[in-house]
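# Notes for the structure review
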Amino acid sequence: MAVPVSTPSDAVSGHTRDRALWGAIMLAPYVLVFAVMVVYPVAYGLWIGLNWNSYRALFADPIFLRTVFNTIVFLFIAVNLKFAIAMVLSGFFVAQRAWIRFVLVLFILPWAVPSIPTILSFRVMLNPETGMVNSQLFQWFGIVEGPGWLTDPTLAFACSIMVHIWKSLPFWTLILVTGRLAIAQDLYEAASVDGASKWQQFKFITWPSLATLYVTSTMLSMIWTLGDFNSVYLLTGGGPGDLNHVLATLGIRYMRNNNLDLGIASIIVAMPLILPMVYFMVKRLSKAAE
Amino acid sequence: MKSVRCLVTGAAFAAIAAGWSGAAVAQETITVWFTKGFYKGEDDALLAVVDKFQKATGVKVDLSLYSTEDCVTKSVGAVEAGTPPDVGFCTTYDFRTTGKWAFEGKLEDVSDVIEPLKTDIMPDALVGTLLMNDKTKKKAYYAFPVQQQMMHITYWKDMLEEAGFKESDIPKGWNGYWDFWCDKVQAGLRAKGKRIYAVGHPMGVAASDTFYSFLTFANAYGAQVVDENGKIILDQPANKAAMIEAVKSYANILQRGCTPPSSVNWLDPDNNVAFHNKTIAMTHNATISIASKHLDDMNNPALTQEQRDQAKKNYFDNIRTTQFPDKPDGKPLPNLAAVKTAVVFADGKNKKRGKEFMAFMMKDENLRPFVEGSLGRWLPTTKSGLASPFWTDGKDPHRALVYKQFSAGTIPFQFVYNYKFTAVNAENVWAKAVNRVVQDKVAPELAVDEMIARIKQIAG
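Residues numbered from 1 in each chain as written. Chains lettered and ligands numbered in written order. Predicted model: local features only at pLDDT ≥ 70, side-chain atom pairs only at ≥ 80, totals over all residues. Heavy atoms only, no water.

Another point: the pattern of salt bridges. Applying the stated criterion across every chain yields a total of 34 salt bridges over all chains. For A:Arg253, the salt bridge identified is with A:Asp242, shortest N-O distance 3.0 Å. With A:Arg253 in helix α11 (residues 247-256) and A:Asp242 in the loop between α10 (230-236) and α11, this residue pair connects regions lying 11 residues apart in the sequence. Its relative accessible area of 2% is what places A:Arg253 among the buried residues. For A:Asp242, a relative accessible area of 6% gives the class buried. One salt bridge connects A:Asp242 with B:Lys432, and the closest N-O pair in it is separated by 3.4 Å. Of this pair, A:Asp242 sits in the loop between α10 and α11 while B:Lys432 sits in helix α21 (residues 429-438), which puts the two residues in different chains. Neither A:Asp242 nor B:Lys432 differs from the other in exposure class; each is buried. Three or more residues are tied together by salt bridges with common partners; here these are A:Asp61, A:Asp242, A:Arg253, B:Glu427, B:Lys432 and B:Arg454. (Salt bridge = Lys/Arg side-chain N within 4 Å of Asp/Glu carboxyl O. Helix = DSSP H or I, 4+ residues; strand = E, 2+ residues; numbered from the N terminus. Buried < 20%, exposed > 50% of the residue type's maximum accessible area, 1.4 Å probe, protein only.)

Put into structure tokens, the structure is as follows:
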């Protein structure tokens, strides 16, 4: 009768099995939390959003197409303008001087403070009658009817974009500052010795070094901007006359009107915009990691 | 080991005994959700009813009070989840949910409670509770008419005088009335170097004030939107023409610059705030909450004597409540009234007792203090309630006007005849049409065509 003998490979596979088991046990709480907090809500939302009638009603709503247009314009202007300004400012803040560091602390404040009071304070300041801006115009120049900052559709939309940029600019500027700080100073010194102008230094050293970070940050910013509810809702409520909604606020408008299905549908229609961005961002990050 | 066994056995007996006695003394309970009142008197009156009901029946009332918006949002969620309270009374149910719930069979038929009360309930208030149920294919009473609201005009008499006019100067006719405020009062105040607007004219799409005000203008021009069977008749030439005039008239106030530009974004409290700040000289508002704020202030011990005195002066001398001017055709304007409804939910756990609670609440001695606790903000739905000295003694200048206005008769909202108009109002197609004219500069005719098309999409 043969006696079973354990071999080294059995011991290894047993060890591996134990490690896998422990790994699974340790991972279980995270999987559970992920399933409950991410998979379930998303799946439930998609399930609610499966109602074809909701999409018919959504496309029949006259403000929907305008909202899609607004969202695209908002994304295009807000993200590009924000990053153009952030790129310029990062060049300023990267300078290592005490007073610039102090200014940087002040500059970060809009990003650091909570959205609701700050955006509402903009709303108060821009009120056409009682707001500080038009009141000063009245006091200083006798202008009775100042600009309709929040009542003229174009101005109100511009103000929403302005508030969005004001709020998120510090964060992206800091990201680009850290990117610039990672560039070896030797390169600039060498370029300077060779007589390169500031623009040439930017074009041949800064930009190639920051390009990956810039593009990845832009895509991430697009995803966040697409979901930015506060800047539009708190400032104008999507108004005047529902003319300035973006997809993030349109969903809330439907839900406020007890129309959950339409609210979900209006968010799901943003998926064709979000998913390619997420895909390209992940692909780009993978490439950068290689 | 033995002691452990004894302890476990003892604990088990204790648990069984506690459970048994708990079951033996378990009190019957009903769950009731109400909108929290603006004033202490409303809540005190409600608590008194609850207390009396509990003593009379031995049934415990689990009462929750919610803010106006939370009340309806929470109710909608609970109904969708199949876990509603037994009784609900939110002051925006009528605008948003009652008709829909009745149509979908989510409400208990309360005809057996309403029928005996019918002789005392005002007919116009009763109309708002006789609702269609799609499951039974019949109309029945699915709600209790608890209180009502109506549209009024409120103005600062002292601002009118500052502009150089007396109350007797205010015209009675429709066009002359708005011209007076826009051209004369505002011009008078501006001549004194003040940046003041004559009219507070709600135009925000998210405000119920806007559709209430706009539909009052539509009534003034005789624009019929639906018939009594709920069929849309706005596209009939006469109604369409009247609606075009209503849109023109409503938009005109903004176009000539006599309402604050920010009124295009106003929410419900904003005209109240602008009035209290004296940014505007007059406004139209559903309920007399603007004046009542000063009545509440003058009795508020938390304020200084000086503030209370000023509030009293405002309430009795400086602020006036009036009715709308006569219609453009010279006839009196019918008053659009909204009936605030309480309901018993079909999925409630103890709906039988819930119905009993509402029957108890609807008794004159219980309902009247509750309605009157709102300082005149809400109107009674019963003839006996309206006959009380609170409304008839004429001592209160604001309530006296409301009584006069109310006694002239009211008309209901369209959603009473076609519940889908709650969605039309929620989307505020009316404000959108006005905004199309003032913001996008389209012709009123086109704005009304779009309005009709959208109404047919939603409610046709």
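With 30 residues of chain A at the interface, the matching set in chain B holds 25 residues. The tally of links between chain A and chain B comes to 2 salt bridges. For the pair chain A and chain B, the number of links is 7 residue pairs in polar contact (both at pLDDT 80 or more). Taken together, the residues of the side of chain A that touches chain B break down into 11 nonpolar, 10 polar and 9 charged. (Contact = heavy atoms within 4.5 Å. Polar contact = N/O pair within 3.5 Å; in protein donor to acceptor, adjacent residues only side chain to side chain. Nonpolar A, V, L, I, M, F, W, Y, C, P; charged D, E, K, R; others polar.)

Another point: the packing of aromatic side chains. On inspection of all chains with the given rule, the structure shows 53 aromatic pairs over all chains. Ring centres of A:Phe59 and A:Phe64 lie 4.8 Å apart, and the angle between their planes is 70°; this geometry places the pair in the edge-to-face category. Look at A:Phe74 and A:Phe157: their rings are 6.0 Å apart centre to centre, the planes differ by 65°, and that puts the pair in the edge-to-face class. Of this pair, A:Phe74 sits in helix α3 (residues 62-93) while A:Phe157 sits in helix α7 (residues 153-181), and the two are 83 residues apart along the sequence. For the pair A:Phe74 and A:Phe157, a shared accessibility class is recorded, and that class is buried. When the ring centre of B:Phe38 is taken as reference, the NZ or CZ atom of B:Arg377 above it lies at 3.4 Å. When the ring centre of B:Phe390 is taken as origin, the NZ or CZ atom of B:Arg399, which lies over that ring, is 3.7 Å away. (Phe/Tyr/Trp six-rings, centres within 6.5 Å; stacked < 30°, edge-to-face > 60°. Lys NZ or Arg CZ within 6 Å of the ring centre and 35° of its normal.)

Such coordinate-based values are descriptive only and should not be taken to indicate function.
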